Amino acid sequence: MRVLIVGAGIAGLTLSALLRQKGMVPQIVERADDFHASGYMLALFPMGNRVLHGLGAYDAFRAASEPMDTYTMCNGHGEPMQTFDIAGALGKYGDTRQLSRADLLQLLRNAAPDVPLRMATRVTALVDHGAEVEALAEGESLGRFDLVVGADGIHSTVRQHVAGEIAMRPTGWGGWVWWAPAAAAPRTKVTEYWGAGRFVGVYPVRDRVGVIAAGPIDEIGHARIGGRGARLAELFADYRGVAREPFAAMPASDRDMFFWALEDCRAPHWSKGRVVLMGDSACAFLPTAGVGASMAMESAAVLADELGRSDARGVALALQHYETRRRRRAEGAQTASRRIASMMFISSIPVAWGRDHLMKFYSIEEFGKEIERSLSEPI
Ligand SMILES: Cc1cc2nc3c(=O)[nH]c(=O)nc-3n(C[C@H](O)[C@H](O)[C@H](O)COP(=O)(O)OP(=O)(O)OC[C@H]3O[C@@H](n4cnc5c(N)ncnc54)[C@H](O)[C@@H]3O)c2cc1C
């Protein structure tokens, strides 16, 4: 079967390695010049990282990552509201660990290095020829395929072919993301500060610490403060109790930081003819539950499973089965992320005060029940 995967991100590289293992040789195209273009931190729960066992990449994953043993939720004054024992609560399902996106992409690529990969190539359109699909990159034909997989992320081009224009669902908030040195936070402990109109998250990976400082876009976005990190530090200076080290280590230039509009979207259906969506292109995630990458890897495993039991003639049925197995589960996790976002992204001081009091009575079982259910259910 001639398969083109659009996007060498988390879903695309996972699928390419799994298909290669089944004796297929897909092709991948990626618009970025290299894997290090946009690095940030990722938590990987067992539903995603267990795919790596089958790829023989689990040891490499452990070596590249840091355990996420505890998660502490503080209020905007730095006072802890809850500490969740992640290792204790989810350990029976496997490891929950954190690593940089670049390290994850590299280890997925190492699992199938001979799959043809063309970087710096942006797919711009697909043409349906009935029994095959042609992919175009800025007017150049990349060839005709039995199947095109859109693994091209939240702002997917392939999604337009499958489902037309889909509106993004904004939260009104956005966040600046940067790396700080490892010394800026304790290892294995994730700490988040939930304030009123402010949020800070500190996520240690193996050799450094990923940081996000978020708030309403009209207060902290480009239009208001430009790209200067120093101005952002000023805005968060009144956010007392928050660890200051990550702010002290903020890069001076916006080249080393990026602004992330906190929004998501969901495609109403995941395939059309011989074109299918996978990962964020199908169902994109807010970072609030930290499961987007895990869900993308899990979707890749299910799609590889269905394609491994099909040939080019059976593609439509394989895609139908894939969507039936995946859509409800992915959208359920997306809904849980939205629910957490509605508690996290609060601007009003009295409402945040009420939320902080409620959070003290929240148990790990309650907070993590969607993740726990995802882990305990068969896929
Ligand atoms: C700051 C940040 C923190 C996050 N933290 C977490 C976390 O802790 N845990 C978690 O599970 N998730 C997290 N996420 C979400 C997670 O990164 C995504 O859910 C996940 O990357 C989705 O995988 P994907 O393969 O669908 O998309 P991506 O990984 O985004 O990959 C899409 C790829 O397609 C390429 N592409 C796009 N358009 C084209 C085109 N037209 N032609 C060719 N190539 C194209 C892109 O360059 C990219 O490489 C975070 C996201 C961000 C931004």
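The structure presented is a predicted model; accordingly, all values stated were derived computationally and were not measured.

Participant: How should the sheet that holds strand S5 (residues 70-75) be read in this particular structure?
Facilitator: Hydrogen bonds along the backbone pair up the strands of a sheet, which may run parallel or antiparallel. Pairing in this open sheet of seven strands is mixed, and the strands run S6-S5-S14-S15-S16-S13-S17 from one edge to the other. Bordering the open sheet on either side are strand S6 (80-85) and strand S17 (258-264), each of which pairs with just one other strand. Between one strand and the next, the sheet's axes are offset by a mean angle of 20 degrees, whatever the strand orientation. With respect to the sheet, helix H13 (residues 315-344) is in contact with strand S13 (169-181), strand S14 (189-194), strand S15 (199-204) and S17, its orientation differing from that of S14 by roughly 55 degrees.

Participant: What's the story with the side chain of Thr72 in this structure? I'm lost.
Facilitator: Structurally, Thr72 is set in strand S5. A distance of 2.9 Å separates a polar atom in the side chain of Thr72 from a polar atom in the side chain of Thr83. In this view, Thr72 contacts Pro80, Gln82, Thr83, Val190, Thr191 and Glu192; residues no more than four positions away in its chain are not counted.

Participant: How do you make sense of the packing of aromatic side chains when you look at a structure like this?
Facilitator: Enumeration according to the criterion identifies nine aromatic pairs in this entry. Ring geometry for Tyr40 against Phe258: centres 5.9 Å apart, planes inclined by 55 degrees, an arrangement best described as tilted. Of this pair, Tyr40 sits in the loop between strand S2 (27-29) and strand S3 (41-44) while Phe258 sits in strand S17, and the two are 218 residues apart along the sequence. Among the aromatic residues, those joined into a ring-pair cluster are Trp178, Phe236, Tyr239 and Phe247. The cationic tip of Arg198 hangs over the ring face of Phe236; the distance from NZ or CZ to the ring centre is 5.2 Å. When the ring centre of Trp179 is taken as origin, the NZ or CZ atom of Arg208, which lies over that ring, is 4.0 Å away.

Participant: Whenever I open this one, the pairing of S6 confuses me. Can you help?
Facilitator: Two faces, one strand: in a regular strand the side chains alternate between the faces of the sheet. Of the pairings in the sheet, the one linking S5 to S6 comprises five bridges and is antiparallel in character. Across the sheet, residue Cys74 finds its bridge partner in S6, namely Pro80. Once S5 ends, the chain turns through four residues before running back antiparallel as S6, passing Gly78 with a positive phi of about 85 degrees.

Participant: Whenever I open this one, the environment of Phe345 confuses me. Can you help?
Facilitator: By the element assignment, Phe345 lies in the loop between H13 and helix H14 (349-359). Look at Phe345 and you get buried, because its relative accessible area is 13%. Measuring from C-alpha to C-alpha, the distance between Phe345 and Gln320 comes to 36 Å, with 25 residues separating the pair along the chain. Contacts of Phe345, omitting those with residues within four sequence positions, involve Thr171, Trp173, Leu262 and Thr288.

Participant: What exactly am I supposed to notice about the pattern of salt bridges here?
Facilitator: A side chain with one charge can pair with a side chain of the opposite charge if their charged atoms come near. Taken as a whole and judged by the stated rule, the model has 27 salt bridges. Among the salt bridges present, the one from Lys92 reaches Glu372, with a minimum N-O distance of 3.8 Å. With Lys92 in the loop between helix H5 (86-90) and strand S7 (97-100) and Glu372 in helix H16 (residues 369-376), the pair connects residues that are 280 residues apart, well separated along the chain. For Glu219, the salt bridge is made with Arg198, and the minimal N-O distance between the two is 3.1 Å. Here the residue Glu219 occupies a position in helix H8 (residues 217-220), and Arg198 occupies one in the loop between S14 and S15, the gap between them amounting to 21 residues. The partly exposed category is assigned to Glu219, whose relative accessible area is 31%. If you follow the salt bridges from partner to partner, you end up with Glu298, Arg326, Arg329, Arg373 and Glu377 in one network.

Participant: Which parts of the structure should I look at to understand the site of the ligand?
Facilitator: Around the ligand there are 31 residues in total, and Ala11, Glu30, Ala43, Arg101 and Ala293 lie nearest to it. At 2.6 Å from an oxygen atom of the ligand is found a side-chain nitrogen or oxygen belonging to Arg101. A distance of 3.5 Å separates an oxygen atom of the ligand from a polar atom in the backbone of Val291. About the coverage of the ligand: the protein hides 91% of its 1,000 Å² of free accessible area. Those elements that provide at least two residues to the shell around the ligand are helix H1 (10-21), S3, S17 and helix H12 (292-307). When residues in the shell around the ligand are grouped by element, the largest group, four residues, is from H12.

The rules we used
Residues numbered from 1 in each chain as written. Predicted model: local features only at pLDDT ≥ 70, side-chain atom pairs only at ≥ 80, totals over all residues. Heavy atoms only, no water. Pairing = 2+ DSSP bridges. Helix = DSSP H or I, 4+ residues; strand = E, 2+ residues; numbered from the N terminus. Axes fitted to C-alpha atoms, helices over the stretch in contact; angles between N-to-C directions. Contact = heavy atoms within 4.5 Å. Polar contact = N/O pair within 3.5 Å; in protein donor to acceptor, adjacent residues only side chain to side chain. Phe/Tyr/Trp six-rings, centres within 6.5 Å; stacked < 30°, edge-to-face > 60°. Lys NZ or Arg CZ within 6 Å of the ring centre and 35° of its normal. Buried < 20%, exposed > 50% of the residue type's maximum accessible area, 1.4 Å probe, protein only. Salt bridge = Lys/Arg side-chain N within 4 Å of Asp/Glu carboxyl O. Near = heavy atom within 4 Å. Areas by Shrake-Rupley, 256 points an atom, 1.4 Å probe, with all protein chains shown as cover.

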